[in-house]
Amino acid sequence: MERTFAIIKPDAVERKITGKILEKIEAAGFTIVGMKRILLSKEQAMGFYYVHKERPFYDELCSYMARSPVVVLAIEKANAIADWRELMGATNPADAEEGTLRKEFGISLGENSVHGSDSPESAAYEIPYFFNALELV
Ligand code: DAT
Ligand code: MG
(Lines give C-alpha, C1' and ligand atoms only; values in the text may rest on other atoms or scores of the structure.)
(Ligands and ions follow the chains in the order given, each with its own letter.)
Protein backbone atom coordinates (compact mmCIF):
# COMPACT_ATOMS: atom_id res chain seq x y z
CA MET A 1 0.00 0.00 0.00
CA GLU A 2 1.11 3.54 -0.74
CA ARG A 3 -0.30 6.90 0.30
CA THR A 4 -0.38 10.11 -1.67
CA PHE A 5 -1.64 13.60 -1.09
CA ALA A 6 -4.41 15.21 -3.14
CA ILE A 7 -6.20 18.57 -3.23
CA ILE A 8 -9.53 19.42 -4.78
CA LYS A 9 -8.60 22.98 -5.73
CA PRO A 10 -10.62 26.21 -5.40
CA ASP A 11 -11.97 26.18 -8.97
CA ALA A 12 -13.54 22.75 -8.39
CA VAL A 13 -14.85 23.40 -4.86
CA GLU A 14 -16.39 26.68 -6.07
CA ARG A 15 -18.22 24.84 -8.87
CA LYS A 16 -19.56 22.23 -6.39
CA ILE A 17 -17.97 19.28 -8.14
CA THR A 18 -16.23 18.04 -4.97
CA GLY A 19 -18.60 15.08 -4.82
CA LYS A 20 -18.04 14.13 -8.46
CA ILE A 21 -14.27 14.10 -7.92
CA LEU A 22 -14.53 12.11 -4.68
CA GLU A 23 -16.71 9.58 -6.49
CA LYS A 24 -14.02 9.10 -9.15
CA ILE A 25 -11.30 8.77 -6.51
CA GLU A 26 -13.18 5.95 -4.79
CA ALA A 27 -14.25 4.31 -8.07
CA ALA A 28 -10.57 4.15 -9.06
CA GLY A 29 -9.86 2.03 -5.99
CA PHE A 30 -8.38 4.60 -3.62
CA THR A 31 -9.28 4.56 0.06
CA ILE A 32 -9.71 8.03 1.54
CA VAL A 33 -7.65 7.88 4.74
CA GLY A 34 -7.80 11.62 5.55
CA MET A 35 -10.01 14.46 4.33
CA LYS A 36 -10.87 18.01 5.32
CA ARG A 37 -12.17 21.24 3.85
CA ILE A 38 -9.98 24.21 4.72
CA LEU A 39 -9.27 27.77 3.65
CA LEU A 40 -5.53 28.25 3.14
CA SER A 41 -3.87 31.54 3.92
CA LYS A 42 -1.58 32.77 1.16
CA GLU A 43 1.38 32.07 3.48
CA GLN A 44 0.24 28.46 3.96
CA ALA A 45 -0.10 28.07 0.18
CA MET A 46 3.41 29.50 -0.26
CA GLY A 47 4.79 26.96 2.22
CA PHE A 48 3.01 24.14 0.46
CA TYR A 49 4.31 25.16 -2.98
CA TYR A 50 7.78 26.30 -1.82
CA VAL A 51 9.42 24.11 -4.53
CA HIS A 52 7.99 26.55 -7.08
CA LYS A 53 9.15 29.71 -5.30
CA GLU A 54 11.49 30.76 -8.12
CA ARG A 55 8.87 30.23 -10.83
CA PRO A 56 7.19 33.24 -12.46
CA PHE A 57 3.74 31.82 -11.68
CA TYR A 58 4.40 31.28 -7.94
CA ASP A 59 2.59 34.38 -6.69
CA GLU A 60 -0.44 33.84 -8.93
CA LEU A 61 -0.55 30.15 -7.97
CA CYS A 62 -0.49 30.88 -4.23
CA SER A 63 -3.12 33.64 -4.48
CA TYR A 64 -5.38 31.27 -6.39
CA MET A 65 -4.93 28.47 -3.84
CA ALA A 66 -5.93 30.89 -1.04
CA ARG A 67 -8.90 32.33 -2.97
CA SER A 68 -11.55 30.02 -1.51
CA PRO A 69 -11.73 26.66 0.33
CA VAL A 70 -10.03 23.51 -0.83
CA VAL A 71 -10.53 19.86 0.12
CA VAL A 72 -7.28 18.18 1.15
CA LEU A 73 -7.03 14.40 1.04
CA ALA A 74 -4.68 11.59 1.90
CA ILE A 75 -5.54 8.63 -0.32
CA GLU A 76 -4.23 5.08 -0.30
CA LYS A 77 -3.85 2.17 -2.71
CA ALA A 78 -1.08 0.15 -4.30
CA ASN A 79 0.94 2.50 -6.56
CA ALA A 80 -1.11 5.47 -5.29
CA ILE A 81 1.33 8.22 -6.29
CA ALA A 82 1.61 7.27 -9.97
CA ASP A 83 -2.01 6.12 -10.26
CA TRP A 84 -3.33 9.41 -8.86
CA ARG A 85 -1.10 11.41 -11.24
CA GLU A 86 -2.52 9.31 -14.08
CA LEU A 87 -6.14 9.86 -13.01
CA MET A 88 -5.49 13.62 -12.69
CA GLY A 89 -4.01 13.95 -16.17
CA ALA A 90 -1.51 16.46 -17.56
CA THR A 91 -0.93 19.77 -15.73
CA ASN A 92 -2.50 21.72 -18.59
CA PRO A 93 -6.09 20.48 -19.12
CA ALA A 94 -5.64 21.21 -22.84
CA ASP A 95 -3.01 18.45 -22.95
CA ALA A 96 -4.82 15.99 -20.64
CA GLU A 97 -6.00 12.61 -21.88
CA GLU A 98 -9.65 11.70 -22.26
CA GLY A 99 -10.98 10.19 -19.03
CA THR A 100 -8.71 12.21 -16.74
CA LEU A 101 -10.01 14.63 -14.11
CA ARG A 102 -8.19 17.63 -15.54
CA LYS A 103 -9.58 16.90 -19.01
CA GLU A 104 -13.10 16.63 -17.65
CA PHE A 105 -13.05 19.41 -15.05
CA GLY A 106 -9.97 21.63 -15.52
CA ILE A 107 -10.50 25.21 -16.68
CA SER A 108 -6.94 26.31 -17.51
CA LEU A 109 -3.28 25.62 -16.76
CA GLY A 110 -3.58 27.55 -13.49
CA GLU A 111 -7.06 26.36 -12.53
CA ASN A 112 -6.72 22.66 -13.14
CA SER A 113 -9.04 21.37 -10.39
CA VAL A 114 -6.77 18.86 -8.61
CA HIS A 115 -3.31 18.44 -7.11
CA GLY A 116 -1.28 15.29 -6.56
CA SER A 117 2.14 14.57 -5.08
CA ASP A 118 4.69 13.87 -7.81
CA SER A 119 7.02 11.54 -5.85
CA PRO A 120 7.39 9.67 -2.54
CA GLU A 121 9.49 12.61 -1.29
CA SER A 122 6.79 15.16 -2.04
CA ALA A 123 4.07 12.93 -0.55
CA ALA A 124 6.19 12.68 2.62
CA TYR A 125 6.29 16.49 2.80
CA GLU A 126 2.71 17.18 1.75
CA ILE A 127 0.70 14.66 3.82
CA PRO A 128 2.06 15.86 7.21
CA TYR A 129 1.82 19.49 6.05
CA PHE A 130 -1.96 19.05 6.41
CA PHE A 131 -2.63 15.97 8.56
CA ASN A 132 -1.42 14.70 11.91
CA ALA A 133 -1.19 10.96 12.58
CA LEU A 134 -4.55 10.84 14.39
CA GLU A 135 -6.29 12.23 11.31
CA LEU A 136 -5.14 9.39 9.03
CA VAL A 137 -7.31 6.36 9.49
P1 DAT B 1 1.30 19.65 -11.26
O2 DAT B 1 0.17 20.30 -10.49
O3 DAT B 1 0.81 18.88 -12.45
O4 DAT B 1 2.21 18.85 -10.37
P5 DAT B 1 3.41 21.67 -11.28
O6 DAT B 1 3.85 21.07 -9.99
O7 DAT B 1 4.41 21.84 -12.37
O8 DAT B 1 2.18 20.84 -11.90
O9 DAT B 1 2.78 23.11 -11.02
C10 DAT B 1 1.96 23.33 -9.89
C11 DAT B 1 0.75 24.12 -10.32
O12 DAT B 1 1.16 25.42 -10.75
C13 DAT B 1 0.00 23.52 -11.50
O14 DAT B 1 -0.95 22.58 -11.09
C15 DAT B 1 -0.64 24.72 -12.13
C16 DAT B 1 0.34 25.83 -11.85
N17 DAT B 1 1.23 26.06 -13.01
C18 DAT B 1 2.19 25.24 -13.48
N19 DAT B 1 2.83 25.75 -14.53
C20 DAT B 1 2.24 26.97 -14.75
C21 DAT B 1 2.44 28.01 -15.69
N22 DAT B 1 3.38 27.92 -16.65
N23 DAT B 1 1.64 29.10 -15.61
C24 DAT B 1 0.70 29.21 -14.65
N25 DAT B 1 0.46 28.27 -13.71
C26 DAT B 1 1.22 27.16 -13.77
MG1 MG C 1 3.50 19.41 -8.87
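Scroll up to find the structure.
Predicted model, so just to flag it, every value in this text is computed and none were measured.

About the criteria used
- Residues numbered from 1 in each chain as written.
- Chains lettered and ligands numbered in written order.
- Predicted model: local features only at pLDDT ≥ 70, side-chain atom pairs only at ≥ 80, totals over all residues.
- Heavy atoms only, no water.
- Phe/Tyr/Trp six-rings, centres within 6.5 Å; stacked < 30°, edge-to-face > 60°.
- Helix = DSSP H or I, 4+ residues; strand = E, 2+ residues; numbered from the N terminus.
- Pairing = 2+ DSSP bridges.
- Axes fitted to C-alpha atoms, helices over the stretch in contact; angles between N-to-C directions.
- Buried < 20%, exposed > 50% of the residue type's maximum accessible area, 1.4 Å probe, protein only.
- Arc of directions from axis to C-beta.
- Contact = heavy atoms within 4.5 Å.
- Salt bridge = Lys/Arg side-chain N within 4 Å of Asp/Glu carboxyl O.
- Near = heavy atom within 4 Å.
- Polar contact = N/O pair within 3.5 Å; in protein donor to acceptor, adjacent residues only side chain to side chain.
- Areas by Shrake-Rupley, 256 points an atom, 1.4 Å probe, with all protein chains shown as cover.

**Q** For this particular structure, what's the right way to read the packing of aromatic side chains?
**A** How two aromatic rings sit relative to each other is given by the distance of their centres and the angle of their planes. Here the structure, examined in full by the defined rule, presents 9 aromatic pairs. Between Phe30 and Trp84, the aromatic rings sit 6.0 Å apart at their centres with planes inclined by 85 degrees, giving edge-to-face as the arrangement. Here Phe30, found in the loop between helix H2 (18-27) and strand S2 (31-38), pairs with Trp84, found in helix H5 (residues 80-88); they are 54 residues apart in sequence, far enough to count as distant. Between Tyr129 and Phe130, the ring centres sit 5.0 Å apart and the planes meet at 65 degrees, which makes this aromatic pair edge-to-face. A connected cluster of aromatic rings, assembled from ring pairs, spans Phe5, Phe48, Tyr49, Tyr50, Tyr125, Tyr129 and Phe130.

**Q** Sorry, what's going on with the sheet that holds strand S3 (residues 70-77) here?
**A** Across a sheet, paired strands are connected by hydrogen bonds in the backbone, their directions being either parallel or antiparallel. Judged by pairing direction, the sheet is antiparallel, and its 4 strands sit side by side in the order S2-S3-S1-S4 without closing on themselves. The open sheet has two edge strands, S2 and strand S4 (114-116), and neither has a second partner. In this sheet, neighbouring strand axes are inclined to one another by 20 degrees on average, regardless of whether the strands run parallel or antiparallel. As judged from the 7 bridges shared by strand S1 (residues 2-8) and S3, these two strands associate in the antiparallel manner. Paired with Arg3 across the strands is Glu76, a residue of S3.

**Q** Whenever I open this one, the pairing of S1 confuses me. Can you help?
**A** A regular strand places its side chains so that they alternate between the two faces of the sheet. Taken across its 7 residues, S1 has 5 buried, putting it largely inside the fold. Across 3 bridges, the pairing between S1 and S4 is antiparallel. Bridge assignment links Ala6 to a residue of S4, and that residue is Gly116.

**Q** When you look at H5 in this model, what are you seeing that I'm missing?
**A** Since the α-helix turns once every 3.6 residues, residues separated by three or four places project in the same direction. Taken together, the buried positions of H5 are Ala80, Ile81, Trp84, Leu87 and Met88. The arc that holds every buried residue of H5, seen down its axis, measures 130 degrees, which confines them to one face. Here the buried face of H5 lies against S1, H2, S3, helix H6 (101-105), S4 and helix H7 (120-130). One or two residues past the end of H5 sits Gly89, with phi positive at roughly 90 degrees.

**Q** Just to check I follow, could you spell out the pattern of salt bridges for this structure?
**A** Scanning the model with the defined rule gives 9 salt bridges in all. Across the pair Arg3 and Glu76 runs a salt bridge whose closest N-O atoms are separated by 2.8 Å. Pair noted here: Arg3 is in strand S1 and Glu76 is in strand S3, with a separation of 73 residues, a long-range link. A salt bridge links Glu98 to Lys103; its shortest N-O distance comes to 3.9 Å. On the accessibility criterion, Lys103 (36% relative accessible area) is partly exposed. Three or more residues are tied together by salt bridges with common partners; here these are Glu14, Arg67 and Glu111.

**Q** How do you make sense of the site of ligand 1 when you look at a structure like this?
**A** In the neighbourhood of ligand 1, the contacting residues comprise Lys9, Tyr49, His52, Phe57, Leu61, Arg85, Thr91, Arg102, Leu109 and Asn112. In this structure, Lys9 approaches ligand 1 through a side-chain N or O atom, which is 3.0 Å from an oxygen atom. At 2.9 Å, a side-chain N or O of Asn112 approaches an oxygen atom of ligand 1. Within the complex, 77% of the 510 Å² of free accessible area of ligand 1 lies under protein.

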